[in-house]
Amino acid sequence: MGNHATAIVSVVDDDESLRRSLRNLLGSVGFRVETFASAEAFLQSRHRDATGCLVVDLQMQGMNGLELLRHLSGGGVPIPTIVLTAHDEDETRQRSLQAGAVAFIGKPFNGQALLEAVRAALNQAAA
């Protein structure tokens, strides 16, 4: 996915207002954005294979963000993933990064920091 305009940034979060905010933020700078209320919805989506960057909440009902990250990595389909969480703890950060996350960002997050992390993740996907 060398072209950021064609790569999809998929947002997986069970908070509808956060999904809407992320769609607006990412879309405002030209990213194609798809949002999902659960990890399961993302996994069943037709957009999964076109996703160049995944932004995922750590704590959700059903499959959580860390489980989704492990599922994708274990299935041989690693997608550069940014983990968002309100529970920014060192142990959780380490587990996420060990599972393959490219960034770990606490909530509330800085919009510019998130945009930079998404750009870096898309560049990694293109490499």
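Residues numbered from 1 in each chain as written. Predicted model: local features only at pLDDT ≥ 70, side-chain atom pairs only at ≥ 80, totals over all residues. Heavy atoms only, no water.

*Asks:* Give me the pairing of strand β1 (residues 8–12): which residues, what numbers.
*Replies:* With five of its five residues buried, β1 lies for the most part within the structure. Bridge count between β1 and strand β2 (residues 32–36): five bridges; the pairing is parallel. The residue of β2 that forms the bridge with V12 is F36. The handedness of the β1 to β2 crossover, carried by helix α1 (residues 16–28), is right-handed. Where β1 and strand β3 (residues 51–57) come together, five bridges link them in parallel fashion. Within β3, the residue paired with V11 across the bridge is V55. (Buried < 20%, exposed > 50% of the residue type's maximum accessible area, 1.4 Å probe, protein only. Helix = DSSP H or I, 4+ residues; strand = E, 2+ residues; numbered from the N terminus. Pairing = 2+ DSSP bridges. Right-handed = clockwise from strand over helix to strand, strands pointing away.)

*Asks:* Describe in detail the pattern of salt bridges, supporting the description with residues and values.
*Replies:* Inspection of every chain in the model, using the stated rule, returns four salt bridges. With its nearest N and O atoms 3.2 Å apart, the salt bridge here joins K107 to D13. Of the two residues, K107 is situated in the loop between β5 (101–106) and α5 (111–126) and D13 in the loop between β1 and α1; the sequence distance between them amounts to 94 residues. For K107, a relative accessible area of 24% corresponds to the partly exposed category. On the basis of relative accessible area, D13 is assigned to the buried category, the value being 1%. R20 serves as the salt-bridge partner of E16, at 3.7 Å between the closest nitrogen and oxygen. Placement of the pair is E16 and R20 together in helix α1, with a separation of four residues, close to one helical turn. For E16, a relative accessible area of 53% corresponds to the exposed category. (Salt bridge = Lys/Arg side-chain N within 4 Å of Asp/Glu carboxyl O.)

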